[in-house]
Amino acid sequence: MLKTYARFIALATGVAAALAFAYWGYVAHQKRQLQQTALELVQDSTARLGEALGLLTAGPEARRRLESSFTALEADVRRLASQDASLNPPLVRAAEAYITDVHAILRRQLAAHQARDAVRADMAEIAEHLRSDRGRSEDWIRQALALKQRLERNFFDYRFAAGGLEKSFKSLRDSRAGFEPFKLPVVVIEERALAKANEQLLAASARLTPEVENARKLPLPR
């Protein structure tokens, strides 16, 4: 009887050990899968950001490519959110912060492109209106003022988006540093790429501002 009981205990212990080993093996596999997914999503967002920064001062034709990358990044954010973050909370938080910051950069870059293109269209329309002159009647002056007000709104939108973009660059510097404790082969945007993009943004704003100032100067009524 005692021998049978001892064999039962040994068998139960062996089964429990086997189950525990299988469970921890499964958990380890899930952790590896999570790490691989997180790093793939970070790498994808980095690649899309690199392309987007190259289009920072591009013309209206770039917006379609930016919109495509913006939509793809929304899918990356959803895919990361669907992962079991409890398997590696620090890594998921770091990946989420980074991808979200990249997503914000593309959103603000799209807004800046749209507003900048609207500003240029407004300036061209104002110039055309001034060339028409038409004796500077009340109707002509009213139209000129309406065009100027639209220019002011769009230029405000541009400055707001550009300012937000600068803040996003700073935020991304912090989130890219969040991977340093992990010592993983994660691909994040280089600091010099962010610095170059910020310089380009400031230079583009500096070029646009005096053009807007000049367009604001409507002629006095005759």
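Here, every reference points to the structure presented above.
Residue positions are given per chain, counting from 1 as you read along its sequence in written order. Whole-chain, interface and lining totals are the exception, using all residues; otherwise, since this is a predicted model, local features are given only for residues with pLDDT of at least 70 and side-chain atom pairs are given and counted only at 80 or more. Side-chain measures were taken over the full set of non-hydrogen atoms in the model, leaving aside hydrogen atoms and water.

Undergrad: Teacher, can you tell me more about the side chain of N198 here?
TA: Each helix is a run of H or I in the DSSP string that is no shorter than four residues. Each strand is a run of E no shorter than two, and both are numbered from the N terminus. Mapped onto the elements, N198 comes out in helix α5 (residues 191–216). Residues are treated as being in contact if the distance between any of their heavy atoms lies within 4.5 Å. Residues within four places of N198 in sequence aside, it is in contact with E166 and F169.

Undergrad: Is there a simple way to think about the packing of helix α2 (residues 63–81) against helix α3 (residues 89–132) in this case?
TA: Each pair of packed helices can be described by the angle between their axes along with the distance between the axes. One can describe the packing of α2 onto α3 by two numbers: an axis separation of 10 Å at closest approach and a directional angle of 155°. With respect to each other, α2 and α3 are oriented roughly antiparallel. The handedness of the crossing between α2 and α3 comes out as left-handed. For this classification, Asp, Glu, Lys and Arg are treated as charged, while Ala, Val, Leu, Ile, Met, Phe, Trp, Tyr, Cys and Pro are nonpolar and the rest, including Gly, are polar. When its residues are assigned to classes, the contact of α2 with α3 shows 11 nonpolar, five polar and seven charged. What counts as an axis is a line fitted to C-alpha atoms, over the stretch in contact for a helix, and the angles between N-to-C directions run from 0 to 180 degrees. To sort the angles, those under 35 degrees are grouped as roughly parallel, those over 145 as roughly antiparallel, those from 65 to 115 as roughly perpendicular, and the leftovers as oblique. It is the rotation of the near helix from the far one that decides the hand of a crossing: anticlockwise by less than a right angle makes it left-handed, clockwise makes it right-handed.

Undergrad: Explain the pattern of salt bridges to me, please; I cannot follow it from the model alone.
TA: When the charged atoms of two side chains lie near each other, side chains of opposite charge can form a pair. In the sections that follow, a salt bridge refers to a side-chain nitrogen of Lys or Arg positioned within 4 Å of a carboxyl oxygen of Asp or Glu. Inspection of every chain in the model, using the stated rule, returns 14 salt bridges. R63 serves as the salt-bridge partner of D117, at 3.3 Å between the closest nitrogen and oxygen. Residue D117 is located in helix α3, and its partner R63 is located in helix α2; the two are separated by 54 residues in the primary sequence. Burial classes: relative accessible area under 20% of the type maximum marks a residue as buried, over 50% as exposed, and values in between as partly exposed (1.4 Å probe, protein chains only). For R63, a relative accessible area of 24% translates into the label partly exposed. As a salt-bridge pair, E213 and R216 come within 2.6 Å of each other at their nearest N and O atoms. Of the two residues, E213 and R216 are both situated in helix α5; the distance of three residues between them amounts to about one turn of the helix.

Undergrad: What am I meant to see in α3 here?
TA: Given 3.6 residues per helical turn, the α-helix brings residues three or four places apart onto the same face. Residue count minus one, scaled by 1.5 Å, sets the expected span of a helix. Between the first and last C-alpha of α3 there are 64 Å, a value that for 44 residues agrees with the 64 Å anticipated at 1.5 Å per step. With its phi angle positive at about 55°, D133 sits one or two positions after the end of α3.

Undergrad: Looking at this structure, how should I read the packing of aromatic side chains?
TA: Ring pairs (aromatic) are described by centroid distance and by the angle formed between their planes. The rule is short: rings of Phe, Tyr and Trp, with Trp giving its six-membered ring, pair when the centres are within 6.5 Å, and they are stacked under 30 degrees, edge-to-face over 60, tilted in between. In the structure shown here, the tally under the stated rule is three aromatic pairs. Aromatic side chains Y98 and F179 sit 5.8 Å apart centroid to centroid with 75° between the ring planes, which places their arrangement in the edge-to-face category. You can see Y98 sitting in helix α3 and its partner F179 sitting in the loop between α4 (138–177) and α5, a full 81 residues away along the chain. Note on accessibility: Y98 and F179 belong to one class, buried. Relative to F160, the ring of F156 has its centre 6.4 Å away and its plane inclined at 20°; by these criteria the two rings are stacked. One end of the pair, F156, and the other, F160, are both in helix α4, four residues apart, so they sit about a helical turn from each other.

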